[in-house]
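Fold and geometry: a report
For reference, the chains in residue letters:
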Amino acid sequence: MTMKPNVSRRHWIAGAAAVIAVPTLLAGCGGGGSDPSDRKNLVTLAQSKPELSLFVEAVDAAGLRETLSGGSYTVFAPDNNAFAALLAELGTTKDALFADTSLLGSVLKYHVLSSVVPKDAIPLGKAIEPIGGGFFKIERQGNDYQVTDGRNRISAITSTDSVAANGVLHVVNRVLLPADKDIVQTAQATPDLSILVEAVIAAGLVDALKAPGPLTVFAPTDDAFAALLAELGMTKDALLADTALLTKVLTYHVVAGRTLKADIRVDAPITTLQGQTIRVNADLRVVDQRNRTSGFLATDVFASNGVVHVIDRVLLPA
């Protein structure tokens, strides 16, 4: 899991804790003829682009040509270099990948939205839910658009707003993959969260954090737990043995629902599973019930059942 830097304040102030519904594409946006009946469908449009030949081949192998030839969709189509990189990443061959039609279909559907979303309507920083399930997000870096997939891999959008008769096509330079780890597995894969994992196991909360959710977890690092032990005058063994206290503290770091950084409103109360609230102040620090503050070390670390924000201090309820 890659630690990501804090984001600018404007991304936090804008947005409510819900996925924004995006508007449909207006006639005349992007390329193609003025008459939609003159346009290719999404598959034949992709077929006209040599750099998308492997994508078209994958669509046919997965039996999705008919689906993507009708309806109304947005497609993030990986280019040929993206597919070549995926094969190297997975240690497989094209024939083997394309023969696994179930896996291939799931991956391709992760690139398809059930509504038409041109570049200017992309809900930046918000959770975007494709037809294959899961979610990803898109953010703007200067003039560039970047996609973070469910495995926290980054892809660039290299071409936007190719208009088809039944939607719009954007080209990406990496194959997007849905999440393959839940919140507990994500924490276990992060060395700086080893004490948090020990605490979750000691408190008997593993099953709760593996549940479908979605959940949002504010995850304190090992250094944060070390500071807490000094603050409380306790040893780690004593803290882990006090399951009542441990459960109260840990559930104070968990919020029902999926709250990405763009969804967090400054100084608005956030109710935790423990029952009491936390808030994010104007300095973009988390404030607990004892007016202690914690900073963000990483935000929007995606898991199959939610999102993790890594923080530098253990939060305490009243």
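In this report, we go over the structure that sits alongside the text. (Residues numbered from 1 in each chain as written. Predicted model: local features only at pLDDT ≥ 70, side-chain atom pairs only at ≥ 80, totals over all residues. Heavy atoms only, no water.)

On to the sheet that holds strand 12 (residues 293–294). Pairing is antiparallel in the open sheet, where four strands are placed in the order 9-10-11-12. The open sheet terminates on both sides in strands that have one partner only, identified here as strand 9 (270–271) and strand 12. When strand 10 (residues 277–280) meets strand 11 (residues 286–287), the two strands line up antiparallel, connected through two bridges. Considered in strand 11, the bridge of Arg 279 is made with Val 287. (Pairing = 2+ DSSP bridges. Helix = DSSP H or I, 4+ residues; strand = E, 2+ residues; numbered from the N terminus.)

All right, on to the pattern of salt bridges then. For the coordinates displayed, the defined rule picks out 19 salt bridges. Between Glu 89 and Arg 153 there is a salt bridge; the shortest N-O distance is 3.0 Å. Residue Glu 89 is found in helix 5 (residues 80–90), and its partner Arg 153 is found in the loop between strand 4 (144–148) and strand 5 (154–164); the two are separated by 64 residues along the sequence. Relative accessible area serves as the criterion here: at 41%, Glu 89 is assigned to the partly exposed category. Here Arg 153 falls in the buried class, since its relative accessible area comes to 9%. In this structure, Asp 180 and Arg 151 form a salt bridge, with 3.6 Å as the shortest nitrogen-oxygen distance. Here Arg 151 lies in the loop between strand 4 and strand 5 and Asp 180 lies in the loop between strand 6 (167–172) and helix 8 (183–188), a separation of 29 residues in the sequence. Connected through shared salt-bridge partners, Glu 89, Asp 149, Arg 153 and Arg 174 make up one network. (Salt bridge = Lys/Arg side-chain N within 4 Å of Asp/Glu carboxyl O. Buried < 20%, exposed > 50% of the residue type's maximum accessible area, 1.4 Å probe, protein only.)

Attention now goes to the nonpolar core. The biggest cluster of nonpolar side chains holds 32 residues, and the ones touching the most others in it are Leu 209, Val 217, Phe 225, Leu 246, Leu 250 and Val 308. Of the residues forming this core, the biggest block, five residues, is contributed by helix 9 (residues 194–202). Apart from residues lying up to four places away in sequence, Leu 246 is in contact with Ala 199, Ala 202, Ala 203, Leu 239 and Leu 240. If you look at the next biggest cluster of nonpolar residues, it comprises 31 residues, including Val 43, Leu 45, Phe 55 and Leu 64. (Core = buried A, V, L, I, M, F, W, Y, C linked by side-chain atoms within 4.5 Å. Contact = heavy atoms within 4.5 Å.)

The six strands are arranged 2-1-6-5-4-3 in an open sheet whose pairing can be described as mixed. At either margin of the open sheet sits one strand with a lone partner, and together these are strand 2 (112–113) and strand 3 (137–141).

A few words now on the packing of helix 9 against helix 13 (residues 243–251). Between helix 9 and helix 13, the shortest axis-to-axis distance is 9 Å and the interhelical angle comes to 120°. With respect to their mutual orientation, helix 9 and helix 13 come out oblique. Two packed elements cross with a definite hand, and for helix 9 against helix 13 that hand is left-handed. For the pair helix 9 and helix 13, the contacting residues are Leu 196, Ala 199, Val 200 and Ala 202 in the first and Thr 243, Leu 246 and Leu 250 in the second. Within the contact of helix 9 with helix 13, the residues separate by chemical class into six nonpolar, one polar and no charged. (Axes fitted to C-alpha atoms, helices over the stretch in contact; angles between N-to-C directions. Parallel < 35°, antiparallel > 145°, perpendicular 65-115°, else oblique. Left-handed = near helix turned anticlockwise from the far one by under 90°. Nonpolar A, V, L, I, M, F, W, Y, C, P; charged D, E, K, R; others polar.)

The quantities given are spatial measurements derived from coordinates; they are silent on function.
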